[in-house]
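Here are the chains, one letter per residue:
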Number of protein chains: 2
Amino acid sequence: MRIKELSSRSGVSVPTIKYYLREGLLPAGELVSKNQANYDDAHLRRLRLIRALVDIGGLTIAAIRDVLAAADTPEETVRKILYTAQENISVRPDLPRDEVWAEAERNVADLVERRGWQVNHDSRAWQTVVAVLVSARELEHGVWTHKLDIYAEACERIAAADLDYVAGIEEVDAMLEGVVVGTVLGDTLVTALRRLAHQSESVRRLGDDKHE
Amino acid sequence: MRIKELSSRSGVSVPTIKYYLREGLLPAGELVSKNQANYDDAHLRRLRLIRALVDIGGLTIAAIRDVLAAADTPEETVRKILYTAQENISVRPDLPRDEVWAEAERNVADLVERRGWQVNHDSRAWQTVVAVLVSARELEHGVWTHKLDIYAEACERIAAADLDYVAGIEEVDAMLEGVVVGTVLGDTLVTALRRLAHQSESVRRLGDDKHE
């Protein structure tokens, strides 16, 4: 297909497609004449992935390059590709690495060992869990974090459902798109469902008792 | 205590405390002379709550007024107070209320009925769940949302732990602070633990298999 059709089918404007081509995010099409190129379904899938990374994942061009580089490395493992996508969708927390941090990190290490999880201690997700414990303690709500195991067990069930979905997608760009959509929309879904569950549990336990 | 001590104990600057007093967020202290007032532990707790609402909850002054008004209404139910706090911490999604929305909303209504949840169909949390379904379908990842029941069940467990914590706090301002901290930090914690669980599940299922 020509660039006009690629544009209408993907919903991405021609100037934006040309920008992605110049930035090397989208591979060149097959030249059919001096000024015209032919694009195929692989280009369409790659464009959809880039849009998901931008619109849903909120990634910078540099971060998108990292994700696509992993996706395009033939000998790269699927697990590494997924991890690269996850890292680039996540924020690195910005707290000092002091003794409070070190203690919170020990708690997270203990949790991960209790649950039998194999995770990367340098990942942003790990750092974020530690950062939450530090923040909760500083706000003197540290006791709340003793529910960590309940949260972790709930997340195991969620992750199993997520991997069921993602691992069923054969093609790498489509799988990555599923990861980005699933991760970011999934964050919003889980937090919203948690609030609905709070509402319901609140009704169940508190009914309409007046406060003092 | 005088305003200087209130400031040092709360970590809030004197000018900011005076601003909260002018805005009516903080009740006036007991006047001991023309220019000096005495503050007590209730002022300290109220200040801590306001800071949590601002720093953690990201609320506007108007939103904080709504939450505090509910907290200060003697005949208001605890459940309503919690709900008011939740609404003001949440964003109202901005999608058109069309037939796609209506169908997604029916799916959410069915889910809530299956789980036996008592929730508010006008709440921001409800609208957000519907918005996620709409977005996922528009991205042609609608099938992923068939995992809704698994997510909902996981959130029930999380909500039970959250309510255990919050319902155990007697004093209203401290309870609300627990709700704000628990809700917002809890969002960050759940999403980060979900990513760690993804990492671990990914290792478990995919090991180091190379992709095509």
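This structure is a prediction, so every number in the text was calculated from the model and none was measured.

## What about the interface of chain B and chain A?
With 87 residues of chain B at the interface, the matching set in chain A holds 87 residues. Overall, the association of chain B and chain A removes approximately 8,400 Å² of surface from exposure, summing both partners, and the carbon and sulfur fraction of that is 68%. Taken together, chain B and chain A are joined by 10 salt bridges. Asp164 of chain B is paired through a salt bridge with Arg205 of chain A; the nearest N and O atoms lie 2.8 Å apart. The tally of links from chain B across to chain A stands at 32 residue pairs in polar contact (both at pLDDT 80 or more). Listing elements by their share of the side of chain B that touches chain A, those giving two or more residues are α3 (41–56), α4 (61–71), α5 (78–89), α7 (124–138), α8 (148–167) and α9 (172–206) of chain B. No other element matches α9 of chain B, which puts 28 residues into the side of chain B that touches chain A.

## Some words on the relation of the copies chain B and chain A
Relative to chain A, chain B is turned by 180° and slid 0.0 Å along the rotation axis, the superposed coordinates differing by an RMSD of 0.0 Å. Within this description, the copies of the chain are treated as partners about a two-fold rotation axis. Identified as the residue of chain B closest to the rotation axis by C-alpha distance is Ala154 of chain B, at 2.4 Å. An overlap of 100% is found between the interface residues of chain B and their copies at the interface of chain A, pointing to a shared contact surface.

## A closer look at the domain arrangement of chain A
Once the domains are mapped, chain A shows domain 1 (3–87) and domain 2 (90–150). Its C-alpha centre places domain 1 of chain A at a distance of 35 Å from the equivalent point of domain 2 of chain A.

## Thoughts on the packing of aromatic side chains
Residue and element names in this part refer to chain A. In this structure the tally under the stated criterion is two aromatic pairs over all chains. Ring centres of Tyr19 and Tyr20 lie 5.8 Å apart, and the angle between their planes is 45°; on these two criteria the pair is classed as tilted. Its relative accessible area of 3% is what places Tyr20 among the buried residues. Here the basic side chain of Arg97 rests over the ring of Trp101, its NZ or CZ set 3.9 Å away from the ring centre.

## Remarks on the pattern of salt bridges
All names here are of chain A. Overall, the coordinates contain 38 salt bridges over all chains when judged by the stated rule. Arg9 is the salt-bridge partner of Glu5, the closest N and O atoms lying 3.5 Å from each other. Residue Glu5 and its partner Arg9 are both found in helix α1 (residues 3–10); the two are separated by four residues, about one turn of the helix. Between Arg65 and Glu23 there is a salt bridge, with its nearest N and O atoms 2.6 Å apart. With Arg65 in helix α4 (residues 61–72) and Glu23 in the loop between α2 (14–22) and β1 (30–31), the pair connects residues that are 42 residues apart, well separated along the chain.

## Structural notes on the environment of Glu87 of chain A
Residue and element names in this part refer to chain A. Structurally, Glu87 is set in helix α5 (residues 78–89). Overall, the relative accessible area of 17% leaves Glu87 in the buried class. Sequence separation between Glu87 and Ile150 is 63 residues, and the spatial gap between their C-alpha atoms is 24 Å. If we ignore the near neighbours within four places in the chain, the residues touching Glu87 are Ser123, Arg124 and Ala125. There is a polar contact of 2.9 Å between the side chain of Glu87 and the backbone nitrogen of Arg124.

## Remarks on the environment of Ala102 of chain B
Residues and elements named next belong to chain B. The topology assignment puts Ala102 in helix α6 (residues 99–115). What makes Ala102 partly exposed here is its relative accessible area of 24%. For the pair Ala102 and Leu176, spaced 74 residues apart in sequence, the C-alpha separation works out to 34 Å.

## Considering helix α7 (residues 124–138) of chain A
A rise of 1.5 Å per residue sets the reference length of α7 of chain A, with its 15 residues, at 21 Å; its end C-alpha atoms lie 21 Å apart and thus fit the reference within 8%. The buried count for α7 of chain A comes to 11 of 15 residues, which makes it a mostly enclosed element. Ala125, Trp126, Gln127, Thr128, Val129, Val130, Ala131, Val132, Leu133, Val134 and Ala136 of chain A are the residues of α7 of chain A that are buried. Looking at the buried residues of α7 of chain A, the elements they touch are α5, α6 (99–115) and α8 (148–167) of chain A together with α9 of chain B. Where α7 of chain A ends, the next residue or the one after it, Glu140 of chain A, has phi of about 60°, a positive value.

## Structural notes on the nonpolar core
As a rule of thumb, nonpolar side chains are buried together in soluble globular proteins. The biggest cluster of nonpolar side chains holds 62 residues, and the ones touching the most others in it are Trp117 and Leu193 of chain A together with Trp117 and Leu193 of chain B. Of all elements in the fold, only α6, α7, α8 and α9 (172–206) of chain A together with α6, α7, α8 and α9 of chain B reach the threshold of two or more residues within this core. Every residue in contact with Leu193 of chain B, bar those within four places of it in the chain, is listed here: Leu111, Trp117, Val129, Leu148, Tyr151, Ala152 and Cys155 of chain A.

## Some words on the environment of Ala125 of chain A
Positionally, Ala125 of chain A belongs in helix α7. Exposure remark for Ala125 of chain A: the relative accessible area of 2% places this residue in the buried category. Separated by 33 residues in sequence, Ala125 of chain A and Arg92 of chain A place their C-alpha atoms 8.1 Å apart. With residues up to four places along the chain from it excluded, the contact list for Ala125 of chain A reads Gln86 and Glu87 of chain A together with Ala192, Arg195, Leu196 and Gln199 of chain B.

## A short note on the state of the cysteines
Overall, the coordinates contain zero disulfides over all chains when judged by the stated rule. Not part of a disulfide, Cys155 of chain B finds its nearest cysteine sulfur in Cys155 of chain A, a span of 8.5 Å.

## Here's the deal with the packing of α8 of chain B against α9 of chain B
All names here are of chain B. Running from N to C, α8 and α9 cross one another at 145°; their axes reach a closest spacing of 11 Å. Crossing of α8 over α9 shows right-handed handedness. Along the contact surface, α8 presents Tyr151, Ile158, Tyr165 and Val166, while α9 presents Met175, Gly178, Val179, Val190 and Arg194. Among the residues making up the contact of α8 with α9, the classes are represented as seven nonpolar, one polar and one charged.

What counts and what doesn't
- Counting restarts for each chain, with residues numbered from 1 along the sequence as it is written.
- Chains carry letters and ligands carry numbers; both start at the beginning, A for chains and 1 for ligands, and go up in the order they are written.
- Reporting in this predicted model follows two pLDDT cut-offs: at least 70 for local features of residues, and 80 or more for side-chain atom pairs to be given and counted; totals over whole chains, interfaces and linings ignore these cut-offs and use all residues.
- Side-chain calculation: all heavy atoms of the structure are included, whereas hydrogens and water are not.
- Pairs of residues are marked as contacts when any of their non-hydrogen atoms sit within 4.5 Å.
- Here's the idea: put two parts together, see how much 1.4 Å probe accessible area each one loses, and the total over both is what we call buried area.
- Any carboxyl oxygen of Asp or Glu that lies within 4 Å of a side-chain nitrogen of Lys or Arg is treated as forming a salt bridge with it.
- Within 3.5 Å is the distance limit for a polar contact, defined as a pair of N or O atoms, with the added protein rule that one can donate a hydrogen and the other accept it, and that residues adjacent in sequence qualify only through two side-chain atoms.
- For helices the rule is a DSSP run of H or I covering at least 4 residues; for strands it is a run of E covering at least 2, with both sets numbered from the N terminus onward.
- Residues reaching a pLDDT of at least 70 in both copies supply the C-alpha atoms on which the copies are superposed by least squares.
- Note that the domain bounds were set by an automatic or database domain assignment.
- To pair, rings of Phe, Tyr and Trp, with the six-membered ring standing in for Trp, must have centres within 6.5 Å; the planes then decide the type, stacked if under 30 degrees apart, edge-to-face if over 60, and tilted in the middle.
- Three labels apply to residues, based on accessible area from a 1.4 Å probe with only protein chains included: buried if under 20% of the type maximum, exposed if over 50%, partly exposed otherwise in between.
- Only when the NZ of Lys or the CZ of Arg is both within 6 Å of the ring centre and within 35 degrees of the ring normal is a charge said to sit over the ring.
- Here, expected helix span is obtained from the residue count minus one, scaled by 1.5 Å.
- We call a set of buried residues a nonpolar core when its members are Ala, Val, Leu, Ile, Met, Phe, Trp, Tyr or Cys and they connect through side-chain atoms within 4.5 Å of each other.
- In plain terms, two cysteine sulfur atoms within 2.5 Å form what is called a disulfide here.
- Only C-alpha atoms enter the line fits that serve as axes; for helices the fit covers just the stretch in contact. Angles between N-to-C directions range over 0 to 180 degrees.
- What makes a crossing left-handed is the near helix being turned counterclockwise from the far one by less than a right angle; a clockwise turn instead makes it right-handed.
- Residue polarity is assigned by list, with Asp, Glu, Lys and Arg as charged and Ala, Val, Leu, Ile, Met, Phe, Trp, Tyr, Cys and Pro as nonpolar; anything else, Gly included, falls into the polar class.

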